[in-house]
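Results of the structural survey
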Amino acid sequence: FIADHIANEHFGNLVQEMDQCAYDRGYLISLLANRNSEEFISQVISRQTDGIVISSVSFPEEYIQRLVDAGIPVVWIANRVYHHLDPRVGKVYPGMLDGMKQGVQCLIARGRTNIIYIDRVSQNGNFSTMDDLRYRGFCEQMQESGLPFSRDSIFTGYSTEEELYTALLHRIRSGARIDGVAARNDTLACIAMAAVQECGLRVPDDVSVVGFDNARISRIITPHLTTVEIDRPDMARAIIDMLDAKISGEPTEDFHFSTKLIERDSV
């Protein structure tokens with residue numbers, strides 16, 4: 001299982017669900033951090049694994065092709081757009097785009113019109129474009145709803161969480177009108193909540209906040225965080241079913257899942 005940030009709670013929970021299904025079929029799962037290099041791909045191919053699952057927004061399409069050409073069954077969890085993905089790759093769609101739209105729709109339903117998006121923090125410069133389905137979901141929903149939207153609506157380009165927090169403080173204290181926040185994950189949503197409260201504003205009275213992933217922190221933070229939940233148990237079973245079929249040389253069909261909005265106190 002190749003992921004961008006293996007310490008991320010979302011990936012840990014998903015792999016735990018997958019492991020329960022895989023072990024009963026005689027498989028063991030190794031979790032690898034994506035290193036985005038030719039050496040990394042060569043190392044992966046040389047390990048002679050039975051199959052590979054990829055959940056990464058920065059994994060180059062040509063690297064996926066190299067894995068497929070090496071004869072390794074590949075299942076891809078769709079959290080971004082690839083424009084020429086090999087048809088031999090199995091595809092599992094978690095519902096990222098519609099999930100982010102759900103989050104923005106929740107903010108709009110609360111009367112929020114000046115909404116910002118919190119993008120990922122990256123030390124390697126891997127920031128979102130319209131190929132990222134969470135980012136795209138935010139942009140499309142804002143446009144479809146006819147709300148004011150510009151590059152200033154996106155908080156991106158920060159290499160640390162501290163930089164992001166400082167930028168949020170500066171924007172709010174400068175007098176910018178912000179009454180809603182949609183974050184690509186719950187950790188970033190909590191950073192936004194902290195910045196809002198540090199500036200003397202109240203959540204949700206002044207600013208509503210929605211996260212993504214339904215991480216444990218969303219149930220601990222005050223106020224409890226509204227978030228979008230991915231169907232990890234069913235998705236984990238689908239991933240292992242598809243990978244097992246591909247290893248056995250059987251035909252497979254793509255899987256599509258829906259997300260669920262978990263409404264709590266932050267909206």
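First, a word on what this report is: a plain description of the structure on this page.

A look at the packing of aromatic side chains
- By the definition in use, this model includes eight aromatic pairs.
- Put simply, the rings of Tyr117, Tyr135, Phe138 and Phe149 touch in pairs and so form one group of aromatic residues.

Topic: the sheet that holds strand E4 (residues 74–77)
- Here six strands make up an open sheet; going across it, the order is E2-E1-E3-E4-E5-E11 and the pairing parallel. Edge strands, defined here as strands with exactly one partner in the open sheet, are strand E2 (32–33) and strand E11 (255–256).
- Pairing geometry for strand E3 (residues 52–55) and E4, over three bridges, is parallel. If you follow Ile52 over to E4, its bridge partner there is Val74.

Quick word on the pairing of strand E8 (residues 180–183)
- Judged by which residues are buried, E8 turns out to be covered on both faces: Gly180 and Ala182 on one side and Val181 and Ala183 on the other are all buried.
- Across four bridges, the pairing between strand E6 (residues 115–118) and E8 is parallel. Bridging from a neighbouring strand, Ile115 pairs with Gly180 of E8.
- By the bridge criterion, three bridges tie E8 to strand E9 (residues 208–210) in an arrangement that is parallel. Across the sheet, Ala182 pairs through a bridge with Val210, a residue of E9.

Thoughts on the sheet that holds strand E7 (residues 154–155)
- With respect to topology, four strands assemble into an open sheet ordered E7-E6-E8-E9, the strand pairing being parallel. Among the strands making up the open sheet, the edge pair consists of E7 and E9.
- Lying over the sheet, helix H4 (residues 96–109) contacts E6, E8 and E9, oriented at roughly 170° with respect to E8.

Observations regarding the nonpolar core
- Within the largest apolar cluster, 43 residues are counted, with the highest numbers of intra-cluster contacts made by Phe1, Met18, Val53, Phe138, Met235 and Ile239.
- Of all the elements in the fold, those that place two or more residues in this core are helix H1 (9–23), E4, H4, E6, helix H5 (133–144) and helix H9 (232–247).
- If you tally residues by element for this core, the top one is H9, at seven residues.
- Those residues in contact with Met18, other than ones at most four positions away along the chain, are Phe1, Ile29, Val53, Ala236, Ile239 and Ile240.
- One finds Leu168, Ala192, Val207 and Val209 within the second-largest nonpolar core, a separate group that totals 24 residues.

Details of the environment of Ala22
- One can find Ala22 in helix H1.
- In this structure the C-alpha to C-alpha distance between Ala22 and Pro94, which are 72 residues apart in sequence, comes to 19 Å.
- Ignoring any residue separated from it by four or fewer positions in sequence, one finds Ala22 in contact with Tyr27, Ile29 and Ile240.

Regarding the environment of Asp69
- One can find Asp69 in helix H3 (residues 61–69).
- Accessibility expressed as a relative area gives 52% for Asp69, which makes it exposed.
- In this structure the C-alpha to C-alpha distance between Asp69 and Arg88, which are 19 residues apart in sequence, comes to 9.7 Å.
- Side chain to side chain, Asp69 and Arg88 meet in a polar contact 3.1 Å long.

What counts, and at which threshold
Residues numbered from 1 in each chain as written. Predicted model: local features only at pLDDT ≥ 70, side-chain atom pairs only at ≥ 80, totals over all residues. Heavy atoms only, no water. Phe/Tyr/Trp six-rings, centres within 6.5 Å; stacked < 30°, edge-to-face > 60°. Pairing = 2+ DSSP bridges. Helix = DSSP H or I, 4+ residues; strand = E, 2+ residues; numbered from the N terminus. Buried < 20%, exposed > 50% of the residue type's maximum accessible area, 1.4 Å probe, protein only. Contact = heavy atoms within 4.5 Å. Axes fitted to C-alpha atoms, helices over the stretch in contact; angles between N-to-C directions. Core = buried A, V, L, I, M, F, W, Y, C linked by side-chain atoms within 4.5 Å. Polar contact = N/O pair within 3.5 Å; in protein donor to acceptor, adjacent residues only side chain to side chain.

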